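Tertiary structure, described
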Amino acid sequence: MPATSRRRLSPTPRRILDILESAAPGAVRSRASDRLAMAHDASHYLLTPEAVVTPTGADQVGALLRASSAHRLSLTFRSGGTSLSGQSSTGHILVDTRRNFRELGVLDDGNKVRVQPGVTVRQANARLAVYGRKLGPDPASEAACTVGGVVANNSSGMACGTVNNTYSTLESLVLVLPSGTVLDTGASDADSKLRQLEPEIHDGLLRLRDRVRGNAESQRIINKLFVIKNTMGYGLNAFLDFDSPADILAHLAVGSEGTLAFIAEATSAPSR
Ligand SMILES: Cc1cc2nc3c(=O)[nH]c(=O)nc-3n(C[C@H](O)[C@H](O)[C@H](O)COP(=O)(O)OP(=O)(O)OC[C@H]3O[C@@H](n4cnc5c(N)ncnc54)[C@H](O)[C@@H]3O)c2cc1C
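Residues numbered from 1 in each chain as written. Predicted model: local features only at pLDDT ≥ 70, side-chain atom pairs only at ≥ 80, totals over all residues. Heavy atoms only, no water.

**Points about helix α10 (residues 216-227)**
Quick reminder of the rule: Here a helix means four or more residues in a row that DSSP labels H or I, a strand means two or more in a row labelled E, and each is numbered from the N terminus. Helix span is expected to be 1.5 Å times the residue number reduced by one. Polar contacts here mean pairs of N or O atoms no more than 3.5 Å apart (in protein, one a potential hydrogen donor and the other a potential acceptor; neighbouring residues in sequence count only if both atoms are side-chain atoms).
End to end, α10 covers 16 Å across twelve residues, agreeing with the expected 16 Å (1.5 Å per residue, within 8%). The N-cap of α10, judged by a side-chain oxygen 2.9 Å from the amide nitrogen of E217 a few residues on, is N215.

Rendered as structure tokens:
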């Protein structure tokens, strides 16, 4: 039996549970069985969360993010839990975003699909098959991994390359920012909404964009790294490929592993 399993589980302080409960009423579980069931993803790490929260919608995720900033609590999103490097496990607060984010809509005769993050790649592809389409990214874990995890991990597979990966096929995201602001980057007023509600983020993205564009060496490195299949970290090529902060933010979120925002919905162009 691993040492971590023998260790006595310390009860989560009542205060933390109360904070979580007021952000997401009825969605918080802290029994040992709930926490141990979520103590591993597909990696070799074993981290037992202090509590598991299963938010019902983007508004509850926003409230959880606000509470986590206010009380300095660490939140980790977990969707399919198939990550191989411990990305979806934590010893702090685990937010299960698979269970309640399962809607999918096929638009424009299969040319577009809007997917909530808990839908698995296989489920999405089953719906798209009648249109002769499938999602671009093709991870081998498609039966269990979800669209939220695919976007956040920038997952790919044997066939999608750089043409059909998440970055290239993504049209827009609905993001829940750390302040709780919900931004649909595909809305016509996305950029003005970001400027109005999150001026620091908007200004910061513009400053970074111009810094990257004003530095030939930064441009050379980004172009060199992203012309090949590169699944490491944020989609920094967004600073060169997109002008508006809202579009930049959506594409930076590809590979962000839950560190920039919660991905509440993704709209993409499926491939044939
Ligand atoms: C058998 C097997 C085969 C695999 N094959 C491949 C492969 O071919 N290619 C490949 O790239 N990977 C592969 N993987 C790795 C893994 O399956 C993928 O990275 C997968 O896309 C993760 O999706 P998930 O739903 O399980 O995400 P999780 O593991 O639950 O989460 C992944 C990351 O995304 C964050 N996250 C999850 N949902 C959201 C959200 N809604 N908003 C913001 N952040 C979020 C989490 O915090 C975490 O950092 C494989 C894994 C296994 C076990």
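Now that the structure has been shown, the text picks up again.
**What to know about the packing of helix α2 (residues 14-23) against helix α4 (residues 58-71)**
Selection criterion: Between N-to-C directions, angles span 0 to 180 degrees; the directions come from axes that are lines fitted to C-alpha atoms, helices contributing only their stretch in contact. Should the near helix be turned anticlockwise from the far one by less than a right angle, the crossing is termed left-handed; should it be turned clockwise, right-handed. Any two residues having at least one pair of non-hydrogen atoms within 4.5 Å are treated as being in contact. As a working rule, the residues Ala, Val, Leu, Ile, Met, Phe, Trp, Tyr, Cys and Pro are called nonpolar, Asp, Glu, Lys and Arg charged, and the rest polar, with Gly in that last group.
For the pair α2 and α4, the least separation of the axes is 8 Å and the interaxial angle reads 145 degrees. The handedness of the crossing between α2 and α4 comes out as right-handed. On the side of α2, the interface is formed by R15, I19, L20 and A23, while α4 contributes Q60, A63, L64, A67 and H71. By residue class, the composition of the contact of α2 with α4 is six nonpolar, two polar and one charged.

**Side note on the domain arrangement of the protein chain**
This is how it is decided: Note: domain ranges come from an automatic or database domain assignment. The term buried area denotes the loss of accessible surface (1.4 Å probe radius) that occurs when two parts are joined, taken as the sum for both partners.
What the domain assignment lists for the protein chain is domain 1 (3-96) and domain 2 (104-268). Taken together, the contact pairs twelve residues of domain 1 with 18 residues of domain 2. At the boundary of domain 1 with domain 2, total buried surface from both sides reaches about 1000 Å², with 64% on carbon and sulfur atoms. Our enumeration of links across domain 1 and domain 2 arrives at four residue pairs in polar contact (both at pLDDT 80 or more). When residues of the side of domain 1 that touches domain 2 are assigned to their parent elements, the largest contribution, six residues, is made by α4.

**Comments concerning the sheet that holds strand β7 (residues 170-176)**
Which entries qualify depends on this criterion: Strand pairing is assigned whenever DSSP identifies at least 2 bridges connecting the two strands.
Across the sheet, which stays open at both edges, the five strands sit in the order β5-β6-β9-β7-β8 with antiparallel pairing between neighbours. Of all strands in the sheet, those bounded by a partner on one side alone are β5 (104-107) and β8 (182-184). Across the sheet, the axes of successive neighbouring strands diverge by a mean angle of 15 degrees, strand direction being ignored. Pairing geometry for β5 and strand β6 (residues 112-115), over four bridges, is antiparallel. Bridge pairing links L107 to K112 in β6.

**Focus on helix α9 (residues 199-213)**
The α-helix advances 3.6 residues per turn, and as a result positions three or four apart in sequence lie on the same side. Put simply, the test is: Type-normalised accessible area, obtained with a 1.4 Å probe on protein chains alone, sets the label of each residue: buried when under 20%, exposed when over 50%, and partly exposed for intermediate values. Directions are taken from the helix axis to each C-beta atom, and the arc is the one they span.
With 15 residues, α9 should reach 21 Å at 1.5 Å per residue; the first-to-last C-alpha distance of 21 Å fits that figure. Taken together, the buried positions of α9 are H202, G204, L205, R209 and V212. Along the long axis of α9, the arc covered by the buried residues comes to 165 degrees, so they all point the same way. Turned more than 90 degrees from where α9 packs its buried face, E200, R207 and R211 sit exposed. Residues of α9 that are buried sit in contact with α8 (190-197), α10, α11 (238-241) and α12 (245-252).

**Regarding the site of the ligand**
Filter applied, for reference: Whether a residue is near a molecule or strand depends on its heavy atoms: if one lies within 4 Å, it is near. Here the open area of atoms and residues is found with the Shrake-Rupley method and a 1.4 Å probe, where only the protein chains shown may cover a residue.
In the region of the ligand, 30 residues are neighbours, and F77, T82, S141, S155 and S156 sit closest. Taking G80, its main chain carries an N or O atom lying 2.9 Å from an oxygen atom of the ligand. At 3.0 Å, a side-chain N or O of S88 approaches an oxygen atom of the ligand. Considering the ligand on its own, with 980 Å² of exposed area, one finds that the protein chains cover 83% of that surface. Counting only elements with at least two residues in the shell around the ligand, the list comes to β3 (75-78), α6 (147-153) and β9 (262-268). The dominant element in the shell around the ligand, judged by the number of residues it contributes, is α6, at five residues. Partitioned by chemical class, the residues of the shell around the ligand number twelve nonpolar, 16 polar and two charged. Counting the residues that make up the shell around the ligand, at least three belong to each of domain 1 (3-96) and domain 2 (104-268).

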